Amino acid sequence: MTQTVVITGASAGIGRATARLYGERGANVALIARGQAGLEGAARSVEDAGGKALAIPADVADYAQVDDAARQAEDHFGPIDVWINVAFTSVFAPFAEITAEEFRRVTEVSYLGFVHGTMAALARMRPRGHGTIVQVGSALGSRSIPLQSAYCGAKHAINGFTSSLRCELLHEGSGVNITVAQMPAVNTPQFSWVRSRLPRHPQPVPPIYQPEVAARGVLFAADHPRRRQYWIGASTVATIMANKVVPALLDRYLARTGYDSQQTGEDVDHARPDNLFQAIDGPDGHDHGAHGVFDARSHARSAQQWLAQRPRALAGLAAGAAVVTGVVALRAPGRR
């Protein structure tokens, strides 16, 4: 059956790439974002791929706008099957250089925007006992880094909020599922339009993945939502696991490396427009598409993701490794 999918932050980056993949499935896709030019571009991407699109301008920081967008999606396409929260914003700066107003705005979009989207989705899914919600999280929701205190705080909050809600849904025996797709560094346009007080151009911490890698992870999570979370990319796995084992060591390592690793060697114009309080891909703006400016340095595939989505292949690899280890042990000096 044709799915009806709602995606926030759909005008660029991961949201945009995810929308196109759903278009390739022939899905009905409701696209929510602030930027009109980006929304129109995303709608064309969905329809060119074979799906149906509805572009809905809305600011996820305003619950009334999100709830109205959900109403429009169901009026146009029918019941929502999948709701994907992606929309976010950030400020690249030391905490001491971020204003209270800026911190509040990042929290309202990047955390409360997920809460608002989840509320709007659940209001429609719970009475029907059916539906899936995917939160697009980040490895930075487990391991914070310097210069992104507001964003990291929001991503941590999403994890805590979602875990609490999942317990409530399990208690109810609800047919609604909620899961989190934890992302690595992704080549999205945010690094060209984020508010920044860094001396050089912001960049994702390498290794960098293309938005399509992230989007494939989101679709897999939506198709298999019973797991609590999915880790997308080897760097996400390494980051989360290292933080479990040596968090204090990571604090010191990131204190030394975290500033330079988030900046290119290029100076940045501090007068450039940013999207913190208003979209820069509005009616008179530019459609930035799914990709950022780091295509030449970004990976289009993730071996970790391929294996994680194929348990039998992973089990076979582990069994093969065990056999090799056993053979080596048998041939070791001193063995007969």
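Residues numbered from 1 in each chain as written. Predicted model: local features only at pLDDT ≥ 70, side-chain atom pairs only at ≥ 80, totals over all residues. Heavy atoms only, no water.

As a volume, the second largest pocket reaches approximately 210 Å³. In terms of lining residues, the second largest pocket is bounded by Arg-166, Leu-169, Leu-170, Ser-174, Gly-175, Val-176, Asn-177, Ile-178, Pro-225, Arg-226, Arg-227 and Arg-228. For the lining of the second largest pocket, the secondary structure elements donating two or more residues are helix H6 (149-172) and strand E7 (176-183). (1 Å grid on protein atoms, 1.4 Å probe; cavity = no way out; pocket = protein on both sides within 12 Å on 5 of 7 lines; lining within 4 Å. Points joined across faces, edges and corners; volume = space filled by probe spheres on them. Helix = DSSP H or I, 4+ residues; strand = E, 2+ residues; numbered from the N terminus.)

Let us look at the environment of Arg-297. Looking at where Arg-297 falls in the secondary structure, it is placed in the loop between strand E13 (263-267) and strand E14 (298-299). Given a relative accessible area of 41%, Arg-297 falls into the partly exposed group. Taking the C-alpha atoms as reference, Arg-297 lies 8.6 Å from Pro-206; in sequence the two are 91 residues apart. Those residues in contact with Arg-297 that lie beyond four places of it in its chain are Gln-203, Pro-206 and Ile-208. Among the polar contacts made by the side chain of Arg-297, one reaches the side chain of Gln-203 at a distance of 2.9 Å. (Buried < 20%, exposed > 50% of the residue type's maximum accessible area, 1.4 Å probe, protein only. Contact = heavy atoms within 4.5 Å. Polar contact = N/O pair within 3.5 Å; in protein donor to acceptor, adjacent residues only side chain to side chain.)

This part covers the nonpolar core. With 37 residues, the main nonpolar core has Ile-7, Ile-14, Tyr-22, Val-29, Leu-31, Ile-84 and Met-183 as its most contacted residues. Among the secondary structure elements, those contributing two or more residues to this core are strand E1 (4-8), helix H1 (13-24), strand E2 (28-33), helix H2 (36-49), strand E4 (82-85), strand E6 (131-138), E7 and helix H8 (211-223). The greatest single-element share of this core, amounting to eight residues, is contributed by H8. Ignoring any residue separated from it by four or fewer positions in sequence, one finds Met-183 in contact with Ile-14, Val-136, Gly-137, Ser-138, Ala-139, Ala-214, Val-218, Ile-232 and Thr-236. Core analysis: the second largest hydrophobic core is formed by 28 residues, Val-6, Ala-58, Ala-61 and Val-66 among them. (Core = buried A, V, L, I, M, F, W, Y, C linked by side-chain atoms within 4.5 Å.)

Looking now at the pairing of strand E3 (residues 52-57). Bridging between E2 and E3 involves six bridges; their strand directions are parallel. Note on E3: the bridge partner recorded for Ala-33 is Pro-57. The parallel pair E2 and E3 is bridged by H2, and the resulting crossover is right-handed. (Pairing = 2+ DSSP bridges. Right-handed = clockwise from strand over helix to strand, strands pointing away.)

Once that is clear, we can look at helix H4 (residues 100-110). Side chains that are three or four residues apart share a direction in an α-helix, a result of its 3.6 residues per turn. Regarding H4, the residues found buried are Glu-102, Arg-105, Val-106, Val-109 and Ser-110. Viewed along the axis of H4, the buried residues span an arc of 105°, placing them on a single side of the element. Among the exposed residues of H4, those pointing more than 90 degrees away from its buried face are Ala-100 and Glu-101. Against the buried residues of H4 lie strand E5 (91-92), helix H5 (112-128), H6 and strand E9 (195-196). (Arc of directions from axis to C-beta.)

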